[in-house]
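For reference, the chains in residue letters:
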Amino acid sequence: MNKKLIIALLTDGIYPLQLGGMQKHSYFLSKYLSQNNAIIHLYIPQVTTIQEVANTSNLNLENDCIKINLVPLPSVRKFPGHYLFESYLYSKNVYNILNNNTQPDLIYIQGFSGWHLLNRGTEPNWKSIPTIINFHGYNMFQLAPNIKSHFSYYFFRQAVLQNIKKSEYVISLGGKITSILQAIGVSKKIREIPIGIEKIWLKDSALLQPNLSILNFVFIGRYERLKGVEELNQVVCNIKEDFQLHFIGPIPENKQIKNLPNVKYFGAINDENRIKEILRNCDVLICPSWSEGMPTVILEAMASGCAIIATDVGAVSEQVDATNGILIEPGNKPELKAAIERMIALPAEQLLEMKKASIKRVEEKFLWDKVAELTIAEIKKIIENRP
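Residues numbered from 1 in each chain as written. Predicted model: local features only at pLDDT ≥ 70, side-chain atom pairs only at ≥ 80, totals over all residues. Heavy atoms only, no water.

Draft legend 1. Region of interest: helix α1 (residues 21-33). An ideal rise of 1.5 Å per residue puts 18 Å on 13 residues; α1 measures up with 18 Å between its terminal C-alpha atoms. Burial analysis of α1 places 11 of its 13 residues in the buried class, which makes it a mostly covered element. Among all positions of α1, only Met 22, Gln 23, Lys 24, His 25, Ser 26, Tyr 27, Phe 28, Leu 29, Ser 30, Tyr 32 and Leu 33 are buried. (Helix = DSSP H or I, 4+ residues; strand = E, 2+ residues; numbered from the N terminus. Expected span 1.5 Å × (residues − 1). Buried < 20%, exposed > 50% of the residue type's maximum accessible area, 1.4 Å probe, protein only.)

Draft legend 2. Representation of the packing of helix α13 (residues 348-366) against helix α14 (residues 368-384). At a minimum axis distance of 7 Å, the contact between α13 and α14 shows a crossing angle of 30°. Here α13 lies roughly parallel to α14, going by the angle between them. Where α13 approaches α14, its residues Glu 363, Glu 364, Lys 365 and Phe 366 are matched on the opposing element by Trp 368, Lys 370 and Val 371. Grouping the constituent residues of the contact of α13 with α14 by class yields three nonpolar, no polar and four charged. (Axes fitted to C-alpha atoms, helices over the stretch in contact; angles between N-to-C directions. Parallel < 35°, antiparallel > 145°, perpendicular 65-115°, else oblique. Contact = heavy atoms within 4.5 Å. Nonpolar A, V, L, I, M, F, W, Y, C, P; charged D, E, K, R; others polar.)

Draft legend 3. Expanded view of helix α7 (residues 176-184). For α7, the full list of buried residues reads Ile 177, Thr 178, Ile 180, Leu 181 and Ile 184. The buried residues of α7 occupy one face: seen down the axis, they fall within an arc of 160°. Its buried side turned inward, α7 meets α6 (147-166), β6 (169-172) and β7 (190-192). In the stretch just after α7, Gly 185 is the one whose phi turns positive, near 105°. (Arc of directions from axis to C-beta.)

Draft legend 4. Broad picture of the sheet that holds strand β2 (residues 38-45). Taken together, the seven strands give an open sheet; going across it, the order is β3-β2-β1-β4-β5-β6-β7, and neighbouring strands pair in parallel fashion. Each end of this open sheet is capped by a strand with a single partner; those strands are β3 (66-71) and β7. Between one strand and the next, the sheet's axes are offset by a mean angle of 25°, whatever the strand orientation. As judged from the three bridges shared by β6 and β7, these two strands associate in the parallel manner. Its bridge partner lying in β7, Ser 172 is registered against Glu 192. Contacting β1 (5-10), β2, β3, β4 (106-110) and β5 (131-134), α1 crosses the sheet at an angle of about 155° to β4. (Pairing = 2+ DSSP bridges.)

Set out below in structure tokens:
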């Protein structure tokens, strides 16, 4: 039997205790890597007890497959840049606990959680252990929707650069994320690994039927300037054809479209089965973000049998192409309007083929079983190729 790899996974939160793409990714990494002959030493914020983490997350803590280390959260007053300062202090707490534990074969760093460790990486006890870092979307290197965002990106860029240049390897989700990292100058460090989705999201493509009625579009996400809700709102109000648009997520009332009966707001939904139900009754997901990594919502919609309209940002081009959707430029309202109108006018059989292509692509590239196997294979290469 092969020796089990010991992987230290450093993160600033884990789903469902904390919500967010990185937190959900940390959860599934722990779950699936531990099922692929790896022992995971998981470092997460101390917001509850280990038993509560086990009860809430359903992670397998038996047989030492996953060992949880609770990291104290620093207390920091809010001031400009407080998030970065707080992140560094948290990484220092992570380091102090990590330094007293069994040394792993590899350290997998999510975001800023290994910042202090990377600053100490030349010390003898850490120099022999490879590190791989994942910042996911690299929004700070992508197009900003306004001057305020552009200004905040500058400070985040400097902090991210400091971390990725000190890590031995860097994960890219693919697409334009790889181009961003190549432009930074870390080409030799890049390992392309996508995010994943569980099989339970997959809809049987044999159950898909041509839609002969009004097309149902859906948007999933919170209201945030980066998500492109404002552009979507303006476009929707100028489309004359019949369609339905469903919003899932906490959209403030003052940002909601009024007096359009074909637009429905569900609010925030935490029940994944309810989200799955809505997606399976929709035809097209709209993701008009200014910047992204590899959105989980796109994978969920694809697995549910939706065609996709999305901006060509981050690693979205790995998920969407002409076979299953339409890619547009961020912030381009005429392109967004044309894409929606094109979907409405598309013959039912052509739309059906797009929806089937979405399911097929998820099956081929984005199921967590396959992503975990790829991750383990890359980690083994890293360890084996070290001098």
